[in-house]
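Take a look at the letters that make up each chain.
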Amino acid sequence: MRARVEGTVQGVGFRPHVYRLSRELELGGFVLNDHRGVVVEVEGVAGAVDRFLERLAADAPPLAEVERVRAEELPATGGRKFTIVESEAGGEPAAPVSPDTATCSDCLAELFDPADRRYRYPFINCTNCGPRFTIVRGVPYDRPLTTMAGFDMCARCRAEYEDPGDRRFHAQPNACPECGPAARLTDAAGRAIGRDGGRDAVAAAVAALAAGSIVAVKGLGGFHLACRADDEVAVADLRARKRREEKPFALMVADVEAARGLVELGDAEETLLGDRARPIVLAPRLGAAPVAPAVAPRADELGLMLPYSPLHHLVLEDARFPLVMTSGNVSDEPIAFRDEDALERLGAIADLFLLHDRPIETRTDDSVVRAVAVGDRRRPLALRRSRGYVPASVALPVPAERPLLACGAELKNTFGLAKDARAWVGHHIGDLENWETLRSFREGIDHFERLFAVRPEVVAHDLHPDYLSTAYALEREGVELVGVQHHHAHLAACLAEHGETGPAVGAIYDGTGLGLDGAVWGGELLAGDLAAFERAGHLWPVRMPGGERAIREPWRMACAWLVETTGPEPELPRALAAGGVDPDRWSQVAALARGELAAPVTTSVGRLFDAVSALCGVRLRVSYEGQAAIELEAASSAAEEGGYPLPWRRGPDGAPVLDARETIRAVVRDLDDDIATPVIAARFHDGLADATADALISQAEARSLSLAVLSGGAFANRRLLERTAAALARAGLRVLVPERLPPGDGGISLGQAAVAAARTAATGERRSTRAGLR
């Protein structure tokens, strides 16, 4: 029998699994990697061959994901020996690459065993754990095509590598202190401190951290900036040097027990913390958590992760205190991942550098998730999908007839590639607002195109002509361009992730997305499928006085909503006056809100959150995206029940709208009555959730639909998402929310890919749309 095995089957111990299984069943033959996956030929008695095929996928190693096994009978040759043969080169790569995986329990036991030859070796790994995506340069996944190519294995490591009964059989990053990478500690100028080799470097780095220093630590996908999480001076110093004013820092703790001392952990959070992807998990902070106030100012949650590399385990084991582990960059830049770049860009931030000489091929940020109660269980909600999850593929409900590239959005960018029924969503790139991030975007696309042999014939992009991702799409020559409306892409991404084609109704709430009418959409009620949509309703439109400046200064949106609600010359609210808003400036902004100059129309729910946050005095100005909404959610009272009015009626353009003028009036009345901010915040959230559910139920009934989608960045808000989803479910609708892909713009590229695949499949279009975006 000859079997071709497809899926994530390279670099995960699949060939050793095949070898052991064939030996157990006394079969002859061979196994090899090729560009498409794994090829096996076995022969023996019929019953044994049948059992082999049954167990090939069922008993696969923990990191393997078998998508299909195609088997065919061959004439027997009489062979009794089974061997692993050299990988076949050539052909078009189609074998998925495994994500990086946290250190397994077997390797951890060896790491801390003084009798083991890899005792305290920072780069211990085996076929069940360690770096994959961040070190791979090509497929098949063999050592010469990884960044370990420059390290020749010593005799003992080679013996492990070639022993089918060993856990490190064909483990491509296999190494030890004699032959593998080594850690070293340097100052900010790159001068070595102490002796090389890892043990001394880690101990010296931990001693510096304990004394209040900031240390840049090279991990799997790039650098972290680390300091003591309980040292207010060190954390504040890190904020000042990194130029990150208020956005919360992530923490790394040694184990789940240490996490329980900082946050409230439910079963879902514990599962996510211990997952082999080791994401940052958001969880409610404990009031007495021994964490410096500057770690997460005005936040009711902390983002925690467990160590995922041996180097991290050694640092946390020695430190015995929680560490800030934030991205190794200056704000708004990509993380550093090469030593020279890190020393240059982080030299003014870090006091010391804990480096190593295993190169990183692809920079990859930490992933971020939270648990939400939707349906009958608490499930993960990805907020950033990167290390540990990328480059795992997502099945497309409608296969791509031609290879395609999806360029994603401007903020929180990811790109995506698709071929046949498989899509690969890239790692988190960040905000495409500077040259460094654009270069990372371009390099990432080039790497994925080589890795997965996708030569795009179709390129999907956002409709916004000023996005750098759109500009990149327009530069590609010889391709068909498919413009995808931003909120339709959100709807399609959620449908595609769940294997659905639609139709469905959906509430797509976020901050910004160019609408078909040229306005700034963001509070959209849609009805549609992968190929097309209609706008079934939206939030009441208001102006954004000052354009993008209104995003950075939420008090401007408070002014705009008051102009719309109370009249052309609203009084300056006391919370805004107390927050430093000048009365003359207030009058000028009110004038902008009344006119058309420098004040685009928006239906954004994100900007409505900004307005309410400012009116309550929670956040008048922001230093990072979504800050006003995040802090308003954090301020809301869990005990408060009942929401503000938000009627569903005809708007100024005749379309159905959610009239938030009533909501704003209720907020103002409560403020005048000195109602506490937590109560107002809770009533706002609940009123928006209830009105959204009612509107979707109405639209679903009118169209005889039973499927509802909730997506867009505003649905990263746990309270809004859970209450809306529960109301829809009570009405009998089946509710889809993003899980593996973010509800925000990090999921846009999958939606663009799904739309482009569906459109080209439905119409067979071959004409270019280069003459105009649509």
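Further up the page is the structure itself.
Rules used in this analysis
Residues numbered from 1 in each chain as written. Predicted model: local features only at pLDDT ≥ 70, side-chain atom pairs only at ≥ 80, totals over all residues. Heavy atoms only, no water. Salt bridge = Lys/Arg side-chain N within 4 Å of Asp/Glu carboxyl O. Helix = DSSP H or I, 4+ residues; strand = E, 2+ residues; numbered from the N terminus. Buried < 20%, exposed > 50% of the residue type's maximum accessible area, 1.4 Å probe, protein only. Polar contact = N/O pair within 3.5 Å; in protein donor to acceptor, adjacent residues only side chain to side chain. Contact = heavy atoms within 4.5 Å. Arc of directions from axis to C-beta. Pairing = 2+ DSSP bridges. Core = buried A, V, L, I, M, F, W, Y, C linked by side-chain atoms within 4.5 Å. Axes fitted to C-alpha atoms, helices over the stretch in contact; angles between N-to-C directions. Parallel < 35°, antiparallel > 145°, perpendicular 65-115°, else oblique. Nonpolar A, V, L, I, M, F, W, Y, C, P; charged D, E, K, R; others polar.

Student: What am I meant to see in the pattern of salt bridges here?
Tutor: Where side chains of opposite charge bring their charged atoms close, a pairing between them can arise. Counted according to the given criterion, the structure contains 59 salt bridges. Between Glu361 and Arg137 there is a salt bridge; the shortest N-O distance is 2.9 Å. Highlighted residues: Glu361 in the loop between strand S14 (352–356) and strand S15 (368–374) and Arg137 in the loop between helix H3 (105–111) and helix H4 (155–162), separated in sequence by 224 residues. Assessed through its relative accessible area of 22%, Glu361 is described here as partly exposed. Take Arg137: its relative accessible area is 41%, and that puts it in the partly exposed class. For the salt bridge of Arg665 with Glu662, the shortest nitrogen-to-oxygen distance reads 2.9 Å. One end of the pair, Arg665, and the other, Glu662, are both in helix H20 (residues 661–672), three residues apart, so they sit about a helical turn from each other. Counted as one network, the salt bridges with shared partners bring together Glu641, Asp686, Asp690, Arg719 and Arg723.

Student: Would you take a moment to explain the environment of Arg260 for this structure?
Tutor: Examined against the element boundaries, Arg260 turns out to sit in helix H7 (residues 256–260). The sequence separation of Arg260 and Thr565 amounts to 305 residues, and the corresponding C-alpha distance is 46 Å. A polar atom in the side chain of Arg260 sits 2.8 Å from the side chain of Glu270.

Student: Got a minute to help me understand helix H19 (residues 627–635) in this structure?
Tutor: An α-helix turns once every 3.6 residues. As a result, residues three or four positions apart point the same way. Within H19, burial applies to Gln627, Ala628, Glu631, Leu632 and Glu633. Looking at the buried residues of H19, the elements they touch are S15, helix H18 (605–615), helix H21 (677–703) and helix H22 (718–730).

Student: Explain helix H6 (residues 232–242) to me, please; I cannot follow it from the model alone.
Tutor: Among the residues making up H6, those that are buried are Ala234, Val235, Leu238, Arg239 and Lys242. For H6, the angular spread of the buried residues around the axis is 140 degrees, confining them to a single face. Among the exposed residues of H6, those oriented more than 90 degrees off its buried face are Val233 and Ala240. Tucked into the core, H6 has its buried residues touching strand S9 (223–228) and strand S13 (323–327). Between the side-chain oxygen at the start of H6 and the backbone nitrogen of Val233 there is a gap of 3.1 Å, and the oxygen is on Asp231. Note on H6: the residue one or two positions beyond its end, Arg243, has a positive phi of about 60 degrees.

Student: In this structure, what is going on with the pairing of strand S21 (residues 504–514)? I would like to understand it.
Tutor: Burial runs high along S21: nine of the eleven residues are buried. From the end of S21 to the start of strand S22 (residues 520–528), which pair antiparallel, there are five residues, and Gly518 there has a positive phi angle of about 85 degrees. For S21 and strand S28 (residues 707–711), the ladder comprises four bridges, and the chain directions are parallel. Paired with Ile508 across the bridge in S28 is Ser711.

Student: Which parts of the structure should I look at to understand the nonpolar core?
Tutor: Nonpolar side chains in soluble globular proteins generally cluster together in the buried interior. By size, the foremost hydrophobic cluster in this structure holds 72 residues, and its most contacted members are Tyr509, Trp561, Leu710 and Leu728. Broken down by element, the residue count for this core peaks at eleven residues, all from H21. Not counting the four nearest positions on each side in its chain, Leu710 is found in contact with Ala507, Leu696, Phe715, Leu721, Thr724, Ala725, Leu728, Val735, Leu736, Val737 and Pro738.

Student: Got a minute to help me understand the packing of helix H15 (residues 555–566) against H18 in this structure?
Tutor: Axis separation between H15 and H18 bottoms out at 7 Å; the angle between their running directions is 95 degrees. As far as their axial angle goes, H18 and H15 are roughly perpendicular. Where H15 abuts H18, its residues Trp555, Met557, Ala558, Trp561 and Leu562 lie against Arg607, Leu608, Asp610, Ala611, Ala614 and Leu615. By residue class, the composition of the contact of H15 with H18 is nine nonpolar, no polar and two charged.

Student: Quick question: what am I supposed to make of the pairing of S13 here?
Tutor: For a regular strand, side-chain orientation follows a simple rule: the groups alternate between the two sheet faces. The element S13 is extensively covered by neighbouring structure, given that five of its five residues are classed as buried. Bridge count between S9 and S13: five bridges; the pairing is antiparallel. Across the sheet, the residue bridging to Ala226 is Met325, located in S13. Relative to S13, strand S10 (residues 250–252) runs antiparallel, the two being bridged by two bridges. Paired with Met252 across the strands is Leu323, a residue of S13.

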